[in-house]
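Residue-level listing of the chains:
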Amino acid sequence: MSVGPALPGPVIGLRREREVLTVALGTNRHVVLEGPPGTGKSTLLRSVAAETGHDVVFVEGNAELTPARLVGSYDPAAVMAEGYVAGSFVDGPLLTAMRGSGLLYLEELNRVPEETLNVLITVLTEGEIAVPRLGTVRATAGFRLIAAMNPFDAIGTARVGQAIADRMCRVVLGYQDEAGEREIVAAVTGGTARPVALAVALVRATREHRDLRTGSSVRGAIDLVLLLDGLLRLRGVAELEDDGARETTRDALHAALSGRVRVTEGVERTPESVLDEILDGIWPADAAPPLADGSPGGAPAPAGDGPGKAGGLPPEAAGPESRSGPPERPGRRGPRQTARRELQLRHASFDDVSPEVGELDEEAFAALMGADPDAAAALLADLAMATDRELRSAARRLAARVFVQVGRVGAARARGTRRLAPARGGDGDLDLERTLDRWSGPWPPAPEDTVGRRWTGSRRAVCLVVDRSGSMSGLGVAIAAVAAAGVVLAAGERLETSVLAFSDRVEVLQQHGRHRAPEDLVLALVGLRGHGRTDVAAALRAAAAQLRTAAHADERIVVLLSDCLSTAGGPAESALAGIDRLDVLCPLPGGEAASEALAASRALAARGGGSVAPVRSLTDLGPALTRLLT
């Protein structure tokens, strides 16, 4: 219990609620303030009480609030000395407020035991209470009961009886509008406009996501701004546009909101996966952060910028983004979302799968998946970026299930404890064929250019590296998502995994040694769209850095999903240090580019002591993964 004058605080918004509460107190009414956490119930009461000159007696409602603790009790020592006299009685918060013309603010009304609430019935009706041995205590003229409760919390709460509800007015509070929440967060944190707008947008999105039963209050946005600011300074990141800012935002988002949101019963997702989906929607991986007014930021590098590739993915993967025309101006928008008309032109089965706006017919999709898996996968990947919000959300949920299920085909576990495998260097028996494929200099080859065959232990570290440069969309996205799911599902005690995506920059989707649910990884990948040039060397160096953290691995393997046609950076062959084996999954485009991509992939895989698996369709991916991971 605390007693004292209510210090006025800033009340942002809530004009109607403030007026109703002020009039209710002025007409001698008792009031219950009802609303989710963070809507300003306590702040509103303090402000109104300060304006009217009332003291406020605060008491926290919980299961331990007994009638004696609320009303008061006799001090045993004083009773032994003086008997049951008025001076031996210690007032509780209720009598303190009744005698002192104050407001009794009872927080968490629906957590108070029923027997304690029954004490209030006579007080609310008659303005008095009969206390055994003390007599009747009458409330002074200024006494009011103001209670607060969160009706959405089902843990440790009970329904307030009608006898209490019938004696109180009810004022319902909701969340402030977006501008109001920004003002609150800025006032509390002192943060600048852009991080504040980003935090508020993320928090407000949690209240609308269909997989969340309860979203976060504005307190989550306050914590998010403070954590983000501290992490950015700790990691030496100056601005949200700088490298590493989005990953830092993701870490702060998980810390600030994962404990505040509640996933809907029956939905098999983690809070972190939902938060990642929300972050992808507000700040896509290949876009600039939202602006200070909440509008989307521009893409840091538009599709096809610089000397980027013309192809490199299956024909279905190249949508309208790959058409010739004037280059896009940078900084205008994030990853492209696709309108229904464009989807109809791109996919013959679109109208069957989505007959109406916001609708996704899973039975029609299942039929298409059985008849033409490539067409179905390409359609689903594009639906995950549709401008139709309801359709996009449904497609992302379906993609998380379908692509993970398809990925299980290639996730067979390795059997046995040791196997004969190629390895770079002079250890083991010389593999002459692989050595000649690698060797391109003077004779004799250097030891690091030779390939031997040796018995290796089954502890392996695998890093999947996904090429997202060029015009990646549709089937290319689906193949990447299924490959990532397959690699993560194969992980276990004997196989550690990590996943990267790259263009001219590298993004870590799953760090080595950290578990990430395959559904989460699929959702991250279906949000990617191709842009930028292809720096294979930078990707291999980043993969080697991930593999170095696998201290107990006997073999460190990179699985590269790319056509290996570098358009930026140095030669890929110069970045093989720390990689025991490099295997390439080569998506083959149509036309002459296929032979060029296959030749580049074979050359790089030979230098890395690995092999090449051409991927022309989704059905090629399962057997290829099975061969590489077992």
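Residues numbered from 1 in each chain as written. Predicted model: local features only at pLDDT ≥ 70, side-chain atom pairs only at ≥ 80, totals over all residues. Heavy atoms only, no water.

### Details of the overall build of the protein chain
In terms of helices and strands, the protein chain carries 24 helices and 21 strands. Considering the protein chain as a whole, with its 630 residues, one finds that 52% of them fall into the buried category. Counting only contacts in the protein chain whose residues sit at least 6 apart along the sequence, the fraction spanning at least 24 positions is 75%. Here the protein chain has roughly 27900 Å² of accessible surface; of this, 51% comes from carbon and sulfur atoms. (Helix = DSSP H or I, 4+ residues; strand = E, 2+ residues; numbered from the N terminus. Buried < 20%, exposed > 50% of the residue type's maximum accessible area, 1.4 Å probe, protein only. Contact = heavy atoms within 4.5 Å. Areas by Shrake-Rupley, 256 points an atom, 1.4 Å probe, with all protein chains shown as cover.)

### Quick word on the pattern of salt bridges
Under the criterion given, the structure shown has 28 salt bridges. In this structure, the salt-bridge partner of E34 is R170, at a minimum N-O distance of 2.9 Å. Remark: R170 occurs in strand β10 (residues 169-172) and E34 occurs in strand β2 (residues 31-34); sequence separation between them is 136 residues. Of the residues examined, E34 reaches a relative accessible area of 12% and is grouped as buried. (Salt bridge = Lys/Arg side-chain N within 4 Å of Asp/Glu carboxyl O.)

### Brief notes about the packing of helix α1 (residues 15-26) against helix α2 (residues 41-52)
As a packed pair, α1 and α2 sit with axes 10 Å apart at the nearest point and diverge in direction by 50°. Taken as axis vectors, α1 and α2 run oblique relative to one another. The hand of the α1/α2 crossing is right-handed. Facing E17, R18, L21, T22 and L25 of α1, the residues of α2 in contact are L44, L45, S47, V48 and E51. Grouping the amino acids of the contact of α1 with α2 by side-chain chemistry returns 5 nonpolar, 2 polar and 3 charged. (Axes fitted to C-alpha atoms, helices over the stretch in contact; angles between N-to-C directions. Parallel < 35°, antiparallel > 145°, perpendicular 65-115°, else oblique. Left-handed = near helix turned anticlockwise from the far one by under 90°. Nonpolar A, V, L, I, M, F, W, Y, C, P; charged D, E, K, R; others polar.)

### Details of the nonpolar core
Formed by 60 residues in total, the largest nonpolar core has its most connected members in L383, F403 and L585. The element contributing the most residues to this core is helix α20 (residues 475-490), with 14 residues. Once residues within four sequence positions are removed from consideration, F403 is found in contact with A377, L380, A381, A478, A481, V482, A485, V522 and V526. Counting 33 residues, the second-largest nonpolar core is a separate cluster that includes A199, L202, A245 and V261. (Core = buried A, V, L, I, M, F, W, Y, C linked by side-chain atoms within 4.5 Å.)

### Brief notes about helix α16 (residues 362-371)
Among the residues of α16, F365, L368 and M369 are the ones counted as buried. Viewed end-on, α16 has its buried residues packed into an arc of 105°, placing them on one side of the element. More than 90 degrees from the buried face of α16, the exposed residues found are E363, A367, G370 and A371. Regarding α16, its N-cap is D361, as a side-chain oxygen of that residue lies 3.0 Å from the backbone nitrogen of E363 further along. (Arc of directions from axis to C-beta. Polar contact = N/O pair within 3.5 Å; in protein donor to acceptor, adjacent residues only side chain to side chain.)

### What to know about the confidence of the model for the protein chain
On average, residues of the protein chain score 79 in pLDDT, and 80% of them reach the 70 mark or higher. Mean pLDDT values for the elements of the protein chain range from 48 in strand β1 (residues 2-5) up to 94 in helix α12 (residues 245-257). Ignoring residues within four places in sequence, the model shows residues 4-8, a span with pLDDT below 50, making 10 contacts including any to other chains. Counted against residues more than four places away or in other chains, residues 310-336, with its pLDDT under 50, gives 60 contacts. (pLDDT = per-residue confidence, 0-100.)

### Some remarks on helix α18 (residues 389-407)
Taking 1.5 Å as the rise per residue, α18 with 19 residues should run 27 Å; its terminal C-alpha atoms sit 26 Å apart, in good agreement. Taken as a whole, α18 carries its principal kink of about 25° at A399. (Expected span 1.5 Å × (residues − 1). Bend = angle between axes of the 7 residues up to and from the residue.)

### Re the sheet that holds strand β16 (residues 460-467)
The strands that make up a sheet pair up through hydrogen bonds in the backbone, lying either parallel or antiparallel. Spatially, the 6 strands line up as an open sheet ordered β18-β17-β16-β19-β20-β21, and their pairing is mixed. A single partner strand is all that each edge strand has here, and the edge strands are β18 (506-510) and β21 (612-615). With strand direction ignored, the average angle separating the axes of adjacent strands in the sheet is 20°. Summarising the sheet, strand β17 (residues 495-502) and β18 pair through 4 bridges and their orientation is antiparallel. If you follow A501 over to β18, its bridge partner there is E507. (Pairing = 2+ DSSP bridges.)

### Some points on the pairing of strand β7 (residues 128-131)
The side-chain alternation of β7 yields one buried face, formed by I129 and V131, and one unburied face, formed by E128 and A130. Bridging between β7 and strand β8 (residues 135-138) involves 4 bridges; their strand directions are antiparallel. Among the inter-strand pairings, A130 is bridged to a residue of β8, identified as T136. Where β7 folds back onto β8 in an antiparallel hairpin, the turn is made up of 3 residues, including R133, whose phi is positive at roughly 70°.

### A few points about the environment of V526
Mapping V526 onto the fold places it in helix α21 (residues 518-526). Overall, the relative accessible area of 0% leaves V526 in the buried class. Taking the C-alpha atoms as reference points, V526 and A395, separated by 131 residues in sequence, lie 9.9 Å from one another. Ignoring sequence-local partners within four residues, the contact set of V526 consists of A384, M385, R396, A399, F403, V477 and A481.

### Quick word on the packing of helix α11 (residues 218-234) against α12
Their axes nearest at 9 Å, the elements α11 and α12 cross at an angle of 140°. Viewed along their axes, α11 and α12 adopt a mutual orientation that is oblique. Crossing handedness for the pair α11 and α12: right-handed. Facing G220, D223, L224, L227, L228, L231 and L232 of α11, the residues of α12 in contact are A245, T248, T249, D251, A252, L253, A255, A256 and L257. Of the residues in the contact of α11 with α12, the class split is 11 nonpolar, 3 polar and 2 charged.

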